[in-house]
Structures are given as C-alpha cells and as structure tokens.
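Geometric and topological summary
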Amino acid sequence: MSASASTVNVLTIDGPGGAGKGTISSLIAERLGWHLLDSGALYRLTAYAAGKHGVELNDETGLARVAENLDVAFPVADGAVQTLLEGEDVTRAIRTEQAGERASRVAAIPVVREALLKRQRDFAVGPGLVADGRDMGTVVFPGAGLKIFLTASAEERARRRHEQLRQAGVNATLPNLLQEIQARDARDTQRSVAPLKPADDAVTLDTTRLSIPEVVEQLTEWLTRKGMASGE
Ligand code: DC
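Conventions and cut-offs
- Residues numbered from 1 in each chain as written.
- Predicted model: local features only at pLDDT ≥ 70, side-chain atom pairs only at ≥ 80, totals over all residues.
- Heavy atoms only, no water.
- Salt bridge = Lys/Arg side-chain N within 4 Å of Asp/Glu carboxyl O.
- Helix = DSSP H or I, 4+ residues; strand = E, 2+ residues; numbered from the N terminus.
- Buried < 20%, exposed > 50% of the residue type's maximum accessible area, 1.4 Å probe, protein only.
- Pairing = 2+ DSSP bridges.
- Near = heavy atom within 4 Å.
- Polar contact = N/O pair within 3.5 Å; in protein donor to acceptor, adjacent residues only side chain to side chain.
- Areas by Shrake-Rupley, 256 points an atom, 1.4 Å probe, with all protein chains shown as cover.
- Nonpolar A, V, L, I, M, F, W, Y, C, P; charged D, E, K, R; others polar.
- Axes fitted to C-alpha atoms, helices over the stretch in contact; angles between N-to-C directions.
- Parallel < 35°, antiparallel > 145°, perpendicular 65-115°, else oblique.
- Left-handed = near helix turned anticlockwise from the far one by under 90°.
- Contact = heavy atoms within 4.5 Å.

What about the pattern of salt bridges?
- Within the structure shown, the criterion is met by 18 salt bridges.
- For Arg-184, the salt bridge identified is with Glu-97, shortest N-O distance 3.8 Å. Of this pair, Arg-184 sits in helix 9 (residues 174-190) while Glu-97 sits in helix 5 (residues 97-106), placing them 87 residues apart in sequence.
- On the basis of relative accessible area, Arg-184 is assigned to the buried category, the value being 12%.
- For Asp-201, the salt bridge is made with Lys-147, and the minimal N-O distance between the two is 3.1 Å. Taken together, the residues Asp-201 in the loop between helix 9 and strand 10 (203-206) and Lys-147 in strand 9 (residues 146-151) connect sequence positions 54 residues apart.
- Where salt bridges share partners, they join Lys-52, Glu-86 and Glu-88 into one cluster.

Observations regarding the pairing of strand 9
- Across the 6 residues of strand 9, 6 count as buried, placing the element largely inside the fold.
- Taking every second residue as pointing to the same face, both faces of strand 9 are buried, with Leu-146, Ile-148 and Leu-150 on one and Lys-147, Phe-149 and Thr-151 on the other.
- Here strand 1 (residues 9-14) runs beside strand 9; their pairing, made up of 4 bridges, is parallel. Each bridged residue has a counterpart across the sheet, and for Asp-14 the counterpart in strand 9 is Phe-149.
- Sheet topology places strand 9 next to strand 10; 4 bridges connect them, and they run parallel. What sits directly across from Thr-151, in strand 10, is Asp-206.

So, the site of the ligand
- As a structural note, the neighbourhood of the ligand is formed by 16 residues, with Arg-44, Arg-113, Arg-134, Asp-135 and Arg-191 the closest of them.
- Measuring from a nitrogen atom of the ligand, one finds a side-chain N or O atom of Ser-39 at 2.9 Å.
- A distance of 2.8 Å separates an oxygen atom of the ligand from a polar atom in the side chain of Arg-113.
- Expressed as a share of its isolated accessible area of 450 Å², the protein-covered part of the ligand is 96%.
- When residues of the shell around the ligand are traced back to their parent elements, those giving at least two are helix 3 (39-52), helix 5 and helix 9.
- Counted by class, the shell around the ligand contains 4 nonpolar, 4 polar and 8 charged residues.

Looking at the packing of helix 8 (residues 154-167) against helix 9
- Interhelical geometry of helix 8 versus helix 9 gives an angle of 120 degrees and a closest axis separation of 9 Å. Our classification of the angle between helix 8 and helix 9 gives oblique. Along this stretch, helix 8 crosses helix 9, giving a crossing that reads as right-handed. Contact residues: helix 8 offers Ala-154, Glu-155, Arg-157, Ala-158, Arg-159, Arg-161, His-162 and Leu-165, while helix 9 offers Leu-174, Leu-177, Leu-178, Ile-181, Gln-182, Arg-184 and Asp-185.
- Broken down by class, the residue content of the contact of helix 8 with helix 9 amounts to 7 nonpolar, 2 polar and 6 charged.

Below you can see the structure in the form of structure tokens.
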C-alpha cells in the first residue's frame, strides 16, 4: 500500500449493491470533511469508456488499457458531485442498470482491477478518506483504521433501488430489480479476483431495519471510539 494510505485516516465501506454505501459514505465524508472514493464509479466509467471507444467486454487487454487511461474528473457543482469522462458529463449515464451490469462484468477482470489499483490508492490524502466499494478493506486499503461491511437483505435493497429509480422518473419493476440484484451479488461474490466479502477485521452492519441517520450515528460512534473522529 502507498505511504500516504498508511498515515491517512481511512474508513472503508464495502458491501453489496443497494446496501446504502454511497449515501452513507458521502454523508460521513461530508461530516468529517474527508475525501470520498466511489470506486464503483471507476468500474462503471471503464465500461462506459470501453463502449465509447468500441472496446468489447471480452477484450481484456483493451479494457485494461481503457482503465489505465481513464480521463475522469469529479467536480462539485451546486453541492452535487458531477462525473466527467473526457470532459463529457456522464453522471446519469453511468448510473443506469445496464451500466451497472457492464461494470460488474468489467470488474471481474483481474488486469482491469490491477490497472485501477494505484488510482484508487491515490485518493488517500489528508485529512482522511471514506472509500466505498467491494474490496476496499480486503485489497485496496488493507491497513484502513476502520472497515465496515454494510449489508441489507436483497429484498430491501431492491425496494430501495426501486424507490430511487421512481424518484428519478425511471420505470422499473420490483421483481426485475430483485433478480438483477441477485445476479449482480452472485457475480461480485463468486469472481476469482477480489470477490465481495468482509475483510477479516471488518465490522458488519446490517441496515435492513436501520434508517440512514441511524447508520451514520453508529459509524460516527465507532470512528470516535477508534480516535478517528472527534464525535462532534
Ligand atoms: O457500487 P457500484 O454499483 O457502482 O459498482 C459497480 C460494479 O463495480 C459492481 O458490480 C461491483 C463492481 N465493483 C467492484 O468490483 N469493486 C469495487 N471496489 C467497486 C465496485
């Protein structure tokens, strides 16, 4: 791991899709004034850039090259983080179910993961980093000060995704979403490289019956107990 990652406060939040990692990670990062790494976005961006440049999802060498050369930026506009790929605003385009499905395929390729490793570690700069993903605690930041495995039942995650999409004006049915979530879980947990699983020293938090503020409070308490947050 890089020298900076071992001296900077790092909180890793891993878990399956739809467990609330994104929401919780950005709330904690905002509360502590820490940086945020949305590692899933890098896989989504790799898959999107591959499509843009005509690289097929079975072309592993081509995909690794795309991952290595990703030209991305995450500027904040009106309080919201934008995602730019080669200057193009792809904030919404990389969030579709299809983009997630393509990302999951790309993420199963070892050379792609290797190509994105250093880029992810470079996010660990002071005062601290909240790293959201699947292998943050197991592979990318094994020395993190606090590792959380955030989970929820597949049914609850499908319900949350359904509500999110409904609010965004996107049509989707609950049974289809549940099926997609289960297929994505299977691919993420069964792949041979960096599979989705809690780090040995991770704390698992099941959010099925917890509200967002309750999860933020619990994590803040654990961070405070570890001396990583002042607990204000
Ligand atoms: O969290 P997300 O839905 O944006 O992630 C998109 C895909 O990328 C998901 O199928 C799992 C994969 N991923 C990964 O393999 N490792 C990470 N650290 C983050 C995401």
